[in-house]
Amino acid sequence: MTERKEFRDLAEPEDAREAIASLDLTPETEHVPLEKARGRVLAERLDADRDVPGFDRASMDGYAVQARDTFGADEADPAILDLVGEVHAGEEPGIEVSDGEAVEISTGAVMPPGADAVVMVERTDEHEDGVEIRTALAPGDHVMLAGADVSAGQLALGPGTQLTAREIGLLSALGADEVPVRGKPRVGIISTGDELVRPGNPLSDRSGQIYDVNSYTIATAVEEAGGEPVLYPHAGDDYDEMERLLLEAAEECDLVLSSGSTSASAVDVIYRVIESQGELLLHGVAVKPGKPMLIGRFPNSAYVGLPGYPVSALTIFRTFVAPAIRKAAGVPEPITATIDARMAVEERYGEGRMRLMPTGLVEDEQGRVLAYPVDKGSGATTSLVEADGVVTVAPDTAYLAEGEPVEVRLFSPDVQPPSVFGVGEDDPALSRLLDRLDSPRYLALGSREGLRRLRNGVPDFAVATGDTTDASDGTELASYSREWGLVVPAGNPEGIEGLEELVERDLRFINRGTDSGLRTTLGNAIADLADERGTTRHELVESVSGFEMTVKAHESPARKVASGSADAGLGLRATAEKLDLGFVSLGEERVRVLTNPNRESKAGVEALGEVLDSDLIGVLDSLPGVRP
């Protein structure tokens, strides 16, 4: 009589999860063509290596002009400029705009040299003396500067990002033709039992034969979880044949799944194969359905034995195994194609048209889903990347109130809210720290916007610099200092020594946006210089050529300098050294990471705190000019 193998002490479900989590299913990184990257998961961060757009372009049809030629113009007293040519989209400008001149320009066309603004055609008239301008413009009006959508050197997509049509569009805009993605875990599937027959073959009811259901259901579930299923021939209850198939699959796959032959039946032999050829970690789980479950490892592969009944096998797979495959493949947990949420903030709208509002999702401390509007303009590819779905707003809706229920139509069924959501200053140290978290989202919109949103209660944390923060802005998780100043060409050919040169000399300067904390730090330094000279900050700012010409990301001014478009740019020592440029130090500013007081116990915020505690010093040491 054959000895029966009884179940060992049944493990708790959490023990089974921990045992499967201890198995290494991680495949090698692959490089795939962009056209085959849909649904794959990025294996590493991708930084933009060019500005998008790569040139200053007109954002509407009209006339390219020098803004100063329109100062004071209005309906009653228009400015009249000479029309000297035209520029269309897709062509290189063949003309330069001088004082008192205008060039007809199409939407998307390259701004001609000399022009710094576009007047929309609706505010003009052409007549025999030239072009009549009936409105005053400021430099930059109706112009999308190079890098306004995506800036060179800026994080484009982080590791762990699943590539859908919106991310593929962003990568296309950056010119990427191949991307590094996580490999799909190869999962070998073996169904066992003398009674099984593969579909398509004759079946003998008299012999108690049944069709092999598990091979196909589990293979499909593996694909849904992000793995690559590999079907092996059906195995009977013969020990030698079972051993041969298991070892073959173990050599070729990251994970081997079998179904059947895991109970205490005398003819079940699979646990004996595992014990003799590898290591049996667990035999039996206190769960229904699915008690007869095996977990083990071979020398080169992980192993999980599923129950034989199809419903039980699929239930156990989805509950215990699918999350491990998704984690190895970098695939997020699935959710439905629509999700019910509540508005995180009030959103006003009164244009009388149906609105498809790009919407981001964030979870509060209780796990409730909140929706917030994401809108950077119809021409910005990054709006799609930052949004999780769309809320359809009816034409007669004047506003959506804070807390109002909304239905978010997700861009894909597997979209999930980020683990942690932050808004604030663009900072290289923070960007590298966030790489250590699972599925974070961070909008580098500047210190002022980060603090504004934090006060409104939307993000989990904000990052701000300089004098933009106060004690009421949230709980400080961490802080550090970064050296700031003027980024100049290598060798500092203009001999710039400080702010005085920007004020006293005709140098081309490029600044950061008004929401940037670094911009505020510069403004405070200019105010101090004005006090020393007995004048006003406004007067000194007026004397700096290009002070109001701003670019998006922390590397953008430096890249303008590197291209020869500016003599100096506002930036960080870390950026200057990365790009092999010169640097004129003007001081240090404090960077603070502040949490939403209502989210401090949220899992993603706690994970951020752990990363700051464990990795901050190492990241700071890797960046010049940055210290605790």
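Attention here is on the structure that accompanies the text. (Residues numbered from 1 in each chain as written. Predicted model: local features only at pLDDT ≥ 70, side-chain atom pairs only at ≥ 80, totals over all residues. Heavy atoms only, no water.)

1. Thoughts on the overall build of the chain
For the chain, the count of helices and strands is 15 helices and 36 strands. For the chain, the spread of C-alpha atoms along the three principal axes comes to 105 × 55 × 45 Å. Counting the 628 residues in the chain, one finds 51% classified as buried. One finds the centroid of the 58 positive side-chain charges in the chain at a distance of 6 Å from the centroid of its 113 negative side-chain charges. (Helix = DSSP H or I, 4+ residues; strand = E, 2+ residues; numbered from the N terminus. Buried < 20%, exposed > 50% of the residue type's maximum accessible area, 1.4 Å probe, protein only. Lys, Arg positive; Asp, Glu negative; His and termini not counted. Charge placed at Lys NZ, Arg CZ, Asp CG, Glu CD.)

2. A look at the sheet that holds strand β5 (residues 79-87)
The six strands lie next to each other as β7-β4-β6-β5-β9-β8, forming an open sheet whose pairing is mixed. A strand with exactly one partner marks an edge of an open sheet, and here the two such strands are β7 (117-120) and β8 (124-127). For this sheet, the mean angle separating the axes of adjacent strands, direction not counted, is 40°. Relative to strand β6 (residues 101-105), β5 is paired through four bridges, and the arrangement is parallel. For leucine 83, the partnering residue across the bridge sits in β6 and is alanine 102. (Pairing = 2+ DSSP bridges. Axes fitted to C-alpha atoms, helices over the stretch in contact; angles between N-to-C directions.)

3. Describing the packing of helix α4 (residues 239-252) against helix α5 (residues 270-277)
α5 packs onto α4 with a crossing angle of 55° between their chain directions and a minimal axis gap of 10 Å. Judged by the inter-axis angle, α4 sits oblique to α5. Considering how the two elements wind past one another, α4 and α5 form a crossing that is right-handed. Across from Tyr239, Met242, Glu243, Leu246 and Leu247 in α4, the residues of α5 making contact are Ile270, Arg272, Val273, Ser276 and Gln277. For the contact of α4 with α5, the residue count by class is six nonpolar, two polar and two charged. (Parallel < 35°, antiparallel > 145°, perpendicular 65-115°, else oblique. Left-handed = near helix turned anticlockwise from the far one by under 90°. Contact = heavy atoms within 4.5 Å. Nonpolar A, V, L, I, M, F, W, Y, C, P; charged D, E, K, R; others polar.)

4. Comments concerning the sheet that holds strand β20 (residues 301-306)
Taken together, six strands build an open sheet; the order of strands is β16-β13-β17-β20-β19-β18 and the sheet is mixed. Of all strands in the sheet, those bounded by a partner on one side alone are β16 (228-231) and β18 (279-283). Each adjacent strand pair in this sheet contributes to an overall mean axis angle of 20°, direction not counted. With four bridges joining them, β18 and strand β19 (residues 294-298) adopt antiparallel strand pairing.

5. Thoughts on the packing of aromatic side chains
For the structure shown, the criterion picks out four aromatic pairs. Seen in terms of ring centroids, phenylalanine 298 and tyrosine 303 are 6.1 Å apart; in terms of plane orientation they differ by 70°. Their pairing is edge-to-face. For tyrosine 303, a relative accessible area of 0% gives the class buried. Relative to phenylalanine 461, the ring of tyrosine 442 lies with its centre 5.8 Å away and its plane at 15°, an arrangement referred to as stacked. A residue pair is termed long-range when its members are at least 10 positions apart, and tyrosine 442 in strand β29 (residues 440-443) and phenylalanine 461 in strand β30 (residues 461-465) qualify at 19 residues. Between arginine 348 and the ring centre of tyrosine 399, over which it is positioned, the NZ or CZ distance is 4.9 Å. (Phe/Tyr/Trp six-rings, centres within 6.5 Å; stacked < 30°, edge-to-face > 60°. Lys NZ or Arg CZ within 6 Å of the ring centre and 35° of its normal.)

6. Let's talk about the nonpolar core
Judged by nonpolar contacts, the single largest core of 31 residues is most densely connected at Leu255, Leu257, Val304, Phe317 and Val321. When contributions to this core are tallied by element, the ones reaching two or more residues are α1 (13-21), β13 (186-191), α3 (214-224), β17 (255-259), β20 and α6 (310-329). If one sorts the elements of this core by residue count, α6 sits on top with nine residues. (Core = buried A, V, L, I, M, F, W, Y, C linked by side-chain atoms within 4.5 Å.)

7. Structural notes on unusual backbone geometry
Valine 52 connects to proline 53 through a cis peptide bond whose omega is -5°. Within the chain, histidine 142 stands out as a residue other than glycine whose phi angle is a positive 60°. Note on placement: histidine 142 falls in the loop between β9 (130-133) and β10 (143-144). A positive phi angle is found at asparagine 492, which is not glycine, with a value near 50°. In this fold, asparagine 492 is placed in the loop between β31 (475-488) and α10 (499-504).

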